[in-house]
Amino acid sequence: MELLKKYPKLFQWFFLLIVFFALCFAIDVPETYKFIRVQAEFIKDPNQSTYTLFGKEVRYYAFDVLWRLPPLLGWLPIWVNDSLFFLLNEWMPMEFWNEDLQEYKTRPLVLQITRNITALMTFLIELIREILLGGVKTVVAFTSWDWIDKNPWAEMPGLPWTIVAAGAVILGYKLSGKGLAIFAGLVMVYISVFGQWKPSMQTLSFILVAAPLSFIFGLTLGVMAYKSKRVEKALYPILLTMQTMPQYAVLVPAMVLFGIGDHAAVIITMVVAIPPMILLTLLGLRAVSPEVIEAGKMSGCNNWQLMTKVLIPTARRDILIGVNQVIMVCFSMAVIAAFIGAKGLGWNLLLALNQLNIGLALEAGLCISMIAILLDKMSLAWANKQEDYFGNLTFFQRYKNTLFFAVAVLIGIILSYVGSFYLKDGYNYLYEVPHNKGISTAAFWNKGVDWIWDTFFQTLKIFNTWLITEVLQPMRALYLRMPAVATVVLVVGAGYIIGGIRSALVTAGLVLFIALSPWWDRALVTTYMATFGVIASCTIGLTVGTLCQQNKYTTKFMLAVCDIFQTFPSFVYLIPVMMLFGVTDTSVLIAVIVYATIPATRYTIEGLRSVPAGLHDAASMSGVTKFQRLINIEFPIAFPHMMLGVNQTIVFALFMVIIGAFIGTEDLGQYILKALSDKAGGGKGLILGICVAFIALIFDNLIRTWVQKRKKHLGID
Amino acid sequence: MRKLISLLSAIVISFLSFTGIALSADSKKPIVIPTHNWSSQVVMAYVIGGIFKEMGNNVEYVPADTQAVYESIRIGDVTISHEVWESAFGKSFTTALDKGGLLDWGDHEARTLEDMGYPNWVAKLCPGLPDWNALKNKDCAKNFVTPDSGGKGRMLEGPQTWHGDLIPQRIEALGLGDLWTVKFAGSADALWAELKAAKKEGRGTIIFNWTPNFTDGAGFTFIDFPPYTAGCRPEDGGDGKCGSPDGYLKKAVNADFPKTHPKAAAMFKKLSFSTGQIGAMASLVDLDGMTHEDAAKKWLKDNKKVWKKWTK
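Residues numbered from 1 in each chain as written. Chains lettered and ligands numbered in written order. Predicted model: local features only at pLDDT ≥ 70, side-chain atom pairs only at ≥ 80, totals over all residues. Heavy atoms only, no water.

1. Structural notes on the overall build of chain A
For the record, the criterion: By definition, any uninterrupted DSSP run of H or I lasting at least four residues is a helix, any uninterrupted run of E lasting at least two residues is a strand, and each is numbered from the N terminus. Within these notes, the globule rule equals 2.2 Å times the number of residues to the 0.38 power, and the radius of gyration is based on C-alpha atoms. Each residue's exposure class comes from its accessible area (1.4 Å probe, protein chains only) as a fraction of the maximum for that residue type: buried when under 20%, exposed when over 50%, partly exposed otherwise. Residue contacts are defined here by distance: any two heavy atoms, one from each residue, within 4.5 Å place the two residues in contact. The method behind every accessible area is Shrake-Rupley, applied with a 1.4 Å probe, and residues are considered shielded solely by the protein chains displayed. His is not counted, nor are the chain ends; Lys and Arg add positive charge and Asp and Glu add negative charge. To locate a charge, the coordinates of NZ of Lys, CZ of Arg, CG of Asp or CD of Glu are taken.
Assigned secondary structure in chain A consists of 28 helices and four strands. For chain A, the C-alpha radius of gyration of 28 Å lies close to 27 Å, the compact-globule estimate for 717 residues. Each principal axis of the C-alpha atoms in chain A carries an extent, and together these give about 85 × 75 × 70 Å. A buried classification covers 54% of the 717 residues belonging to chain A. A separation of at least 24 residues holds for 76% of the contacts in chain A among residues at least 6 apart in sequence. Carbon together with sulfur atoms contributes 68% to the accessible area of chain A, which is approximately 33500 Å² in total. Taking the average location of the 54 positive side-chain charges in chain A and that of its 43 negative ones, the two points are 8 Å from each other.

What follows is the structure in structure tokens.
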């Protein structure tokens, strides 16, 4: 009894578990139950039950309500899809002049609007692309295809790579000095020498449109949410869902609305990149202390000045993290966007993988990572740069960078001109190293993969068989064995114990949405894989993070590794993993662990870093050993922050489980993949995505609430 | 302000770009050709693009999803499709055809087959193949067991996107369900990875594959299931006890294409590739390691006689 009084929560948890297991044992598996491999709507079967709601017929296999809830939300995806179709194909048809046919054509309004938006996007992308690579479309936009056909001289030539590289170096130098300049130079030379120039610039051109637009929209919406509680309340649930929704699920609706091509890629990238920007802007603005605002008001700022001159500069740190996030997200979308028609590195990477050319895919993937890190560093340096208002500079000092760039342009043009004489029969390497004509290390990497295969295959196979038969299959079976009621009770109970009635209600809403959708079984499989991935990732991340944090240099090194892996397209290692472990859950989980360990490591390092130095000293003075300090002081203090890392790990793990559909899974991800080519895919993709997001949000809610309470308890809020 | 200006100018531009003069000759507006993620299709895209260019047209390539592309053609985002495989994309194609806006633009000479099959070295693991009755043998099935297949032989089907549950239904209908299970791979890459891994290991594997494909060269045999008859598939109301049909390889165009580009459309109607030609295009990339563009250029240069006659 003493124990109970001391730890009331412990008793509550204990009670919850007893109820959960009692339910599990009390409710038997129905005899007719079998894991539904096939979605019920695809086969007509006399055993199925049906109901009709809102004019949509839903077919499903009925079980005892305690075992599996009926899919009462089954009409939702069909309904969403039909609405989308109606909006795009039938709503408000209007006459639009078609210049090609010289006649009026009827087109629905929304289709016309979306096509006009995409025309604008396409123009911006092509403009940047043609400055970098040359082309005719920008000129065509002002004239016509017939005109350009008669005036071929008007074609934009595109910049030689030497000039772009020199420009990047000078920009790097201007923004933050020698270090960044050297890095910029190395990245550009790498891209060019390895023959990735053209695809890199193609990727860059759509990101250079997507990133600034995301930044502007994100900042504006963030400010609006800061100013108005109503906007914030309306935005918040959408933001949370968007942040946890697998990027992949947005593809289908985006494709339905905006078609395929680079413009659609820009739009989907923006959809994914804006939410973190909004949240971080809001976070930053909130943290501005009232004194600062008072001071601004006292100096007579109007609202606009207060925002631009006081609030935003003060909140700069968080806004900068937002910029960092925008850039990282944009590049992580480079490959996924290739599924809906983005040209460039992402597409080349997918093509290389289709030929199982891992080396080639690796080179393209590295390019994506390097450009991402370069842009990230540049934008950070730009934002941190202080304008020198008072320096009394000579003309040369003031404009030296412009002058250097002008010289570089001149040299670049001369070089490529000279090159066109000397390298006449082959390729003009001084202008552009053509795709796949540069140096390639592909053969080396492919040999490496082969070597690993030959050396470790037998060992790996034994491990793989053991893991699947002894761990994964039983775990999956256990998850599927849970009656729906028991799961709901467990989740809602956890919500109640951690966060009281409010949390209980929120989690109940989320879990019921999934349980009432037609995909409960699939969601269980997704959760099983995510659980395994998260446990493994957290273990690795915690260990590695703690070890690296002991030393300044290893910390730096580890964070850089995290940067690379976060932007490095995961598709590249899906293939070698698949060759080693076959089309099995093991392959998916390895990919999950590689990806999800990043946030676990990062947050561990940051959490331990945030322990105040004063505490370290105090501890050392009281004579604890390094190990004792770690266990008794640093961990408890850093734990709330590390738990946020776990939260991120869950989101990352879910993303990767969904992408694991490319290896072959039987979970929600496979259905999202399927929705891409489904007639009624738009609605299904979206609702499936929401289901995944809700799984993440359940954990998110529980962890966040717990962290808040814990922080209050420790007094470090 | 600057953003506003650029927005305004872009609006002006988008209007300007819609003014032009229609001619009886082909419009100079680019013909949009989709590229998918397998070699023969991409090379053929560049080959057809090359012919269009030779005729004075402008061409643009856009990566596209294999199923969604028909909707894109219908709406007009993409102009043509040059590889419509009956078994895999026939359904999406006919759906778009019925909705209107897309035209059936004739067949290639090549016929296609998409079905379950095995690389030739596997034949000795299961005596009696390629006859499907060999699969009824327990000793055969046990050579294809994997850790996660629950003691049954495993067949690796392509992604569910390709033909839904056709193969599992067929396996059940043929009474092979007790011995065999079907696993869906997530992508074509997964199939090739499986093929390569199985070869290295020398173990048995049955995967979904198609011809013409680059695997033809290394020796790949399709299983002889009971022959296809119209309406034998469950989705058409049949019992599902049949293999895949000898399928067409069609071409499709946007309905406006013949009006805007009459000459190019006429050429595309005549265009027809044989299995051998398609295989040759694919092998330039898959075996000789050329880039897709270079392979197309080489093919066009070497086969002038073949394609020149279509342009007349």
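That shown, we press on.
2. Remarks on the domain arrangement of chain B
Residue and element names in this part refer to chain B. What counts is decided by this rule: In this document the domain limits rely on a domain assignment from an automatic tool or a database. Simply put, the buried area is the total loss of 1.4 Å probe accessible area from both parts when two parts are fitted together. When a carboxyl oxygen of Asp or Glu lies within 4 Å of a side-chain nitrogen of Lys or Arg, that pair is called a salt bridge. Polar contact criterion, stated in full: a pair of N or O atoms within 3.5 Å, where within protein one must be able to donate a hydrogen and the other to accept it, and residues adjacent in sequence count only if both atoms are side-chain atoms.
Looking at chain B, the domain boundaries give domain 1 (29–111 + 247–311) and domain 2 (113–236). Just the C-alpha atoms count here: the centres of domain 1 and domain 2 sit 29 Å apart. Here domain 1 meets domain 2 over a buried area of about 1100 Å², counting both sides, of which 56% is carbon and sulfur. It is W85, S87 and A88 that lose the most area in domain 1 upon contact with domain 2, and together they represent 42% of the buried surface on that side. Put simply, domain 1 and domain 2 have zero salt bridges between them. Taken together, domain 1 and domain 2 are joined by zero residue pairs in polar contact (both at pLDDT 80 or more).

3. Brief notes about the interface of chain B and chain A
Reports often express the size of an interface as the amount of accessible area lost when the parts come together. Residue-level contacts link 70 residues of chain B with 71 residues of chain A. Surface buried jointly by chain B and chain A totals about 6100 Å² across both partners, of which 58% is contributed by carbon and sulfur atoms. The largest per-residue losses of area from chain B upon contact with chain A belong to B:P63, B:P147 and B:K200, which jointly make up 10% of the total buried on that side. The interface formed by chain B and chain A contains three salt bridges. Taking the shortest distance from any N to any O, the salt bridge between B:E201 and A:K461 comes out at 2.7 Å. Remark: the boundary between chain B and chain A carries seven residue pairs in polar contact (both at pLDDT 80 or more). For the side of chain B that touches chain A, the element with the most residues is helix 8 (residues 188–201) of chain B, which contributes nine residues.

4. A closer look at the nonpolar core
For the record, the criterion: Joining through side-chain atoms within 4.5 Å is the link that ties buried Ala, Val, Leu, Ile, Met, Phe, Trp, Tyr and Cys residues into a set, and such a set is a nonpolar core.
Ranked by size, the top nonpolar core spans 293 residues in total, and within it A:Y248, A:F571, B:F52, B:L135, B:W180 and B:F273 carry the most contacts. Two domains share this core, each providing at least three of its residues, namely domain 1 (29–111 + 247–311) and domain 2 (113–236) of chain B.

5. Some remarks on the sheet that holds strand 5 (residues 113–119) of chain B
Residue and element names in this part refer to chain B. The condition that has to hold: DSSP-based pairing: two strands are paired if at least 2 bridges between them are found. Lines are fitted to the C-alpha atoms to define the axes, a helix being fitted only along its stretch in contact, and any angle between axes, read from their N-to-C directions, falls within 0 to 180 degrees.
With mixed pairing, the five strands of this open sheet are ordered in space as 7-6-8-5-9. Every interior strand has two partners, whereas the edge strands, strand 7 (180–184) and strand 9 (220–222), have only one. On average, adjacent strands in this sheet sit at an angle of 40° to one another, irrespective of strand direction. Pairing of strand 6 (residues 153–157) with strand 8 (residues 206–211) involves two bridges; the strand directions are parallel. Looking at strand 8, one finds that M155 is bridged to I206. Sitting on the sheet, helix 7 (residues 166–173) is in contact with strand 5, strand 6 and strand 7, with an inclination near 175° to strand 7.

6. A look at the packing of helix 21 (residues 520–549) of chain A against helix 24 (residues 585–609) of chain A
Residues and elements named next belong to chain A. Operational definition: We call two directions roughly parallel when the angle between them is under 35 degrees, roughly antiparallel when it is over 145, roughly perpendicular when it lies between 65 and 115, and oblique otherwise. Crossing handedness follows the turn of the near helix against the far one: under a right angle anticlockwise gives a left-handed crossing, and clockwise gives a right-handed one. Residue polarity is assigned by list, with Asp, Glu, Lys and Arg as charged and Ala, Val, Leu, Ile, Met, Phe, Trp, Tyr, Cys and Pro as nonpolar; anything else, Gly included, falls into the polar class.
Taken N-terminus to C-terminus, the directions of helix 21 and helix 24 make an angle of 40°; their axes are 6 Å apart at the nearest point. Taken together, helix 21 and helix 24 sit at an angle that is classed as oblique. Crossing of helix 21 against helix 24: the hand is right-handed. Considering only residue class, the contact of helix 21 with helix 24 consists of 16 nonpolar, nine polar and two charged.

7. So, the packing of aromatic side chains
The condition that has to hold: In this scheme Phe, Tyr and Trp rings, the latter by its six-membered ring, pair at centre separations within 6.5 Å, and the angle between planes marks the pair as stacked below 30 degrees, edge-to-face above 60, and tilted otherwise. Only lysine NZ and arginine CZ atoms are considered, and such an atom sits over a ring when it is within 6 Å of the ring centre and within 35 degrees of the ring normal.
Under the definition given, this model contains 27 aromatic pairs over all chains. The interplanar angle of 90° and the centroid separation of 5.9 Å between the aromatic rings of A:W451 and A:F456 together place this pair among those described as edge-to-face. Residues B:F52 and B:F257 carry aromatic rings whose centres are separated by 6.3 Å and whose planes lie at 70° to one another, so their mutual orientation is edge-to-face. Taken as a pair, B:F52 in helix 2 (residues 39–54) and B:F257 in helix 9 (residues 257–260) lie far apart in primary sequence, 205 residues in all. An aromatic cluster is defined as three or more aromatic residues linked by ring pairs; in this entry it consists of B:W85, B:W192, B:F208 and B:W210. The aromatic ring of B:F225 is capped on one face by B:R170, whose charged end is 4.6 Å from the ring centroid. It is B:K250 that lies over the ring of B:Y248; its NZ or CZ is 4.7 Å from the centre.

8. As for the confidence of the model for chain B
Definition in use: The predictor attaches a confidence to each residue, and that confidence, scored 0 to 100, is pLDDT.
For chain B, mean pLDDT is 84; residues scoring 70 or higher make up 92% of the total. Per-residue pLDDT, averaged within each element of chain B, yields its smallest value for helix 1 (residues 2–16) of chain B (51) and its largest for strand 10 (residues 249–254) of chain B (93).

9. Here we look at empty space enclosed by the protein
The cut-off we apply is this: Using a 1 Å grid laid over the protein atoms alone, points where a 1.4 Å probe fits but cannot get out form a cavity; open sets with protein on both sides within 12 Å along at least 5 of 7 lines form a pocket; any residue with an atom within 4 Å of a point counts as lining. Grid points are joined across faces, edges and corners, and a volume is the space filled by probe spheres set on the points.
Across all of its chains, the model carries four cavities of 30 Å³ or more by this definition. The volume enclosed by the largest cavity comes to roughly 570 Å³. Grouping the constituent residues of the lining of the largest cavity by class yields 25 nonpolar, nine polar and three charged. Residue contributions to the lining of the largest cavity reach at least three from each of two domains, namely domain 1 (29–111 + 247–311) and domain 2 (113–236) of chain B. By volume, the second largest cavity is sized at about 160 Å³. If you trace the second largest cavity, you find 15 residues lining it, with A:S332, A:P569, A:S570, A:Y595 and A:I659 closest to the centre. Residue assignment for the lining of the second largest cavity shows that the elements contributing at least two residues are helix 15 (316–336), helix 22 (552–567) and helix 26 (626–659) of chain A.

10. A closer look at helix 7 of chain B
All names here are of chain B. All of the buried residues in helix 7 are L166, I167, P168, R170 and I171. Close packing links the buried residues of helix 7 with strand 5, strand 6, helix 6 (160–163) and strand 7. Phi for G175, located one or two positions after helix 7, is positive at around 75°.

11. Brief notes about unusual backbone geometry
Residues and elements named next belong to chain B. Omega for the bond connecting L129 with P130 falls within 30 degrees of zero, at 10°, which places this linkage in the cis form. Residue position: P130 is located in the loop between strand 5 and helix 5 (138–141). The omega torsion of the bond from T211 to P212 falls at 5°, within 30 degrees of zero and hence cis.

12. Structural notes on the pattern of salt bridges
As enumerated under the stated definition, the model contains 26 salt bridges over all chains in all. Between B:D302 and B:K298 there is a salt bridge whose closest N-O contact spans 3.2 Å. Of this pair, B:D302 and B:K298 both sit in helix 12 (residues 292–302), four residues apart, which is roughly one turn of that helix. Where salt bridges share partners, they join A:K461, B:R154, B:E194, B:E201 and B:R203 into one cluster.

13. A short note on the state of the cysteines
Think of a disulfide as a covalent bridge from one cysteine sulfur atom to another cysteine sulfur atom. Residues and elements named next belong to chain B. Under the convention used in this document: In this description, a disulfide is simply a cysteine sulfur pair whose atoms lie within 2.5 Å.
Evaluated as defined, the whole model comprises two disulfides over all chains. With its sulfur 2.0 Å from that of its partner, C126 forms a disulfide with C140. What sets the handedness of the C126 and C140 disulfide is the S-S torsion sign, and at about -95° it is left-handed. In this pair, C126 is assigned in the loop between strand 5 and helix 5 and C140 in helix 5, connecting sequence segments 14 residues apart. Both residues of the pair, C126 and C140, count as buried. Put simply, C232 and C242 are joined by a disulfide, and their sulfur atoms are 1.9 Å apart. For the disulfide bridge between C232 and C242, the dihedral angle about the S-S bond is near 75°, and by the sign convention the bridge is right-handed. With a gap of 10 residues between them, C232 in the loop between strand 9 and strand 10 and C242 in the loop between strand 9 and strand 10 connect regions that are remote in the sequence. For the pair C232 and C242, a shared accessibility class is recorded, and that class is buried. By sequence order of its bonded cysteines, chain B has the disulfide arrangement 1-2, 3-4.

14. Section: the environment of A:M156
All names here are of chain A. By secondary structure assignment, the location of M156 is in the loop between helix 6 (145–150) and helix 7 (161–176). Residue M156 is classed as partly exposed on the basis of its relative accessible area, which comes to 22%. Distance from M156 to K137, taken between C-alpha atoms, is 8.9 Å for residues 19 residues apart in sequence. Not counting chain neighbours up to four residues away, the residues in contact with M156 comprise L127, E130, G134, G135 and T138.

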